[in-house]
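# Observations on the model geometry
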Amino acid sequence: MDKIKQFILPKPITLGNGKVVQPKMSPAIYVVPILAFITIYSVNLTKFKLETLFRRGYQFFVILDGMIPPNFAYFDKVWAPLVATIMMSVIGTLVGSILALPAAYLSSENMMKSKFVKFITKAFFSVVRTFPILVLALLFRIIFGIGAFAGTMAIGVFTFTIMTKMFYELIDTADMGPFEAIMSSGASRIQAFWSAIMPQLWGQYYSLILYNFEMNIRNAAVLGYVGAGGIGIILNERLGWRLYPDVGLILLVMMVTVYLIETLSRTIRKNLL
Amino acid sequence: MIQFQNVVKTYPNGVKALKGINLEVQQGEFVAIIGLSGAGKSTLLRSINQMHTITEGKLLVNGVDVSTLKGKSLRRFRRDIGMVFQSFNLVKRTSVIKNVLAARVADMPLWMSLLGLYTKKDKIIALEALDQVGILEKAYTRADQLSGGQQQRVALARCVAQQPKIILADEPVASLDPVTSNQVMNDFVKINKELNITVIANMHHVDIALKFANRVIGIKEGLIVFDGPSSKVNNQILKEIYGRELSDDELMEH
């Protein structure tokens, strides 16, 4: 055992006055083998081959080449799904964010006194949060049928769970001084929350809504792939038919839209905080 | 009238903050409570409006036994007691007037307070309170734009807008400079005299306590060791309250 230790541990440093310092073992000793094992295992499991990457990789550029120039005449058909995508995100984000407010109140450490309620709400939301948005969309497509409504619901529920978590963390760290002051004036906890905690957080709340909206625009674009409405439907269709100039236009339109919305949202958020 | 009868407060961790307080404060008095940090000043103050519950004894406010109050009756009771804090406890991101109006929500139905529907009467009460402490012109300024003294005046105005019978002040000037401290204390005296509101203030600085309060209560280790007019406080008494002589710089110079 001592021999193994001697082999693994770095050499002790002896000072001029005879004192000996034992440097600590580097974590690389066990991190590197573990990472190597995981990598080899993953490559085997996913059948990852560099050879395929070199042999077929050029196809990407073939498709890219096919997209240029985009088919601008196709824009007439892109317009409606694009607006639908944006509207799905707007409604889903709004409804999810508004419902997240009371949910965050119920989950926050400092506002909610009942440990039981906190436990139930937090457990419920962490379970729902484990569903990726695509899974939610698949689920709602079965429940509500193919179309934008299923997508909107997926965005709404997804936003609701994420906003709840983000917002109760903000509530937890809010300044409790004003809350104590309003409580001492005879207000109820909800009234004190509303008039002492929320005024501290409105800016951050709006900012979170916009942040989620940005994220949801991108989410909404892929929801069409599972039949949940929006621009993803025609993207899937055109890719399937290998109409690359149309695909090029769809991607261009999406890029411009996402860029515009993110720029707008960032400008507003800068002024909110 | 506020009456403490053998009031004891033991915290859940076993700390005995109050060890049998007997005290009577008449309506309209200006009382300063002095003592070392941890002597029980804060606990005594907060037991009056039940922000801390007492464990033994009786505490009567205008004949009401406060330990029998809970829920709605406690909230109704608290409306008559305003509170001012060392750190002002304002919402700094919002306007002065909104901070003062927050004192009115306790009197409003929940749905009206959620929608922020303050009546014209509420707005006038709030603005008049600001006028009383001399910062009416700052009504629509954000609270974080104000100096410490101005912020404490806003907190006092919020308290006044609640139209209380009693004001509890927990170290109201401890984080202010001497000049500002005097101005803010003058506002307290003015409100005490003009509106006949009882003021009970925990004071960090002995000389300010003696200058502005009519009556001084000295607390040491959870017990009252002095209770009398401020004119009767001398070095011997201060030594008893603080356990040693106070140096000149502890008696803040002006």
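If you're wondering where the values come from, they're calculated on a predicted model, not measured in any experiment. (Residues numbered from 1 in each chain as written. Chains lettered and ligands numbered in written order. Predicted model: local features only at pLDDT ≥ 70, side-chain atom pairs only at ≥ 80, totals over all residues.)

### Overview of the overall build of chain A
Within chain A, the secondary structure is distributed over twelve helices and two strands. The order of helices and strands in chain A, counted from the N terminus, is α-β-β-α-α-α-α-α-α-α-α-α-α-α. Whereas a compact globule of 273 residues would reach a radius of gyration of roughly 19 Å, chain A reaches 27 Å, over 25% beyond that. Overall, chain A is about 85 × 75 × 40 Å in size when its C-alpha atoms are taken along their principal axes. Within chain A, buried positions represent 35% of all 273 residues. Put simply, of all contacts in chain A between residues at least 6 apart along the chain, 70% involve residues at least 24 apart. (Helix = DSSP H or I, 4+ residues; strand = E, 2+ residues; numbered from the N terminus. Rg over C-alpha atoms; globule rule 2.2 N^0.38 Å. Buried ≥ 20, exposed ≤ 12 C-beta atoms within 10 Å, placed from the backbone. Contact = placed C-beta atoms within 7 Å.)

### Things to note about the confidence of the model for chain B
Reading fine detail from the predicted coordinates is not recommended where pLDDT is low. Averaged over every residue, the pLDDT of chain B is 91; residues scoring 70 or more account for 96%. Overall fold confidence (pTM) sits at 0.81, and the ipTM for the predicted complex is 0.89. (pLDDT = per-residue confidence, 0-100.)

### Quick notes on the domain arrangement of chain A
Taken domain by domain, chain A comprises domain 1 (2-48) and domain 2 (69-272). Centre-to-centre, using C-alpha coordinates, domain 1 of chain A lies 45 Å away from domain 2 of chain A. (Domains from an automatic or database assignment.)

### Details of the interface of chain B and chain A
Contact residues are listed per partner, giving 24 residues for chain B and 17 residues for chain A. At the level of elements, helix H2 (71-78), strand E6 (81-85) and helix H4 (110-114) of chain B are the ones that each hand at least two residues to the side of chain B that touches chain A. For the side of chain B that touches chain A, the residue count by class is eleven nonpolar, seven polar and six charged. (Nonpolar A, V, L, I, M, F, W, Y, C, P; charged D, E, K, R; others polar.)

### A look at the sheet that holds strand E8 (residues 198-202) of chain B
Residue and element names in this part refer to chain B. Read from one edge of the open sheet, six strands run E6-E7-E8-E3-E9-E10, paired in mixed fashion. Two strands in the sheet have a free side with no partner beyond their single neighbour: E6 and strand E10 (223-229). Mean inter-strand twist for the sheet, computed between neighbouring axes without regard to direction, equals 15°. One ladder, built from five bridges, connects E6 with strand E7 (residues 166-170); its direction is parallel. Residue Phe 85 lies in a different strand from E7, and its bridge partner there is Asp 170. Helix H6 (residues 148-161) contacts E6 and E7 of the sheet and is inclined by roughly 170° relative to E6. (Pairing = 2+ DSSP bridges. Axes fitted to C-alpha atoms, helices over the stretch in contact; angles between N-to-C directions.)

### Here we look at the nonpolar core
By size, the foremost hydrophobic cluster in this structure holds 135 residues, and its most contacted members are A:Ala154, B:Ile33 and B:Val100. Among the elements that make up this core, the one with the highest residue count is helix H10 (residues 189-223) of chain A (15 residues). Excluding anything up to four places from it in sequence, B:Ile33 contacts B:Lys41, B:Leu44, B:Ile200, B:Ala201, B:Asn202, B:Met203, B:Ile217 and B:Ile219. (Core = buried A, V, L, I, M, F, W, Y, C linked by C-beta atoms within 7 Å.)

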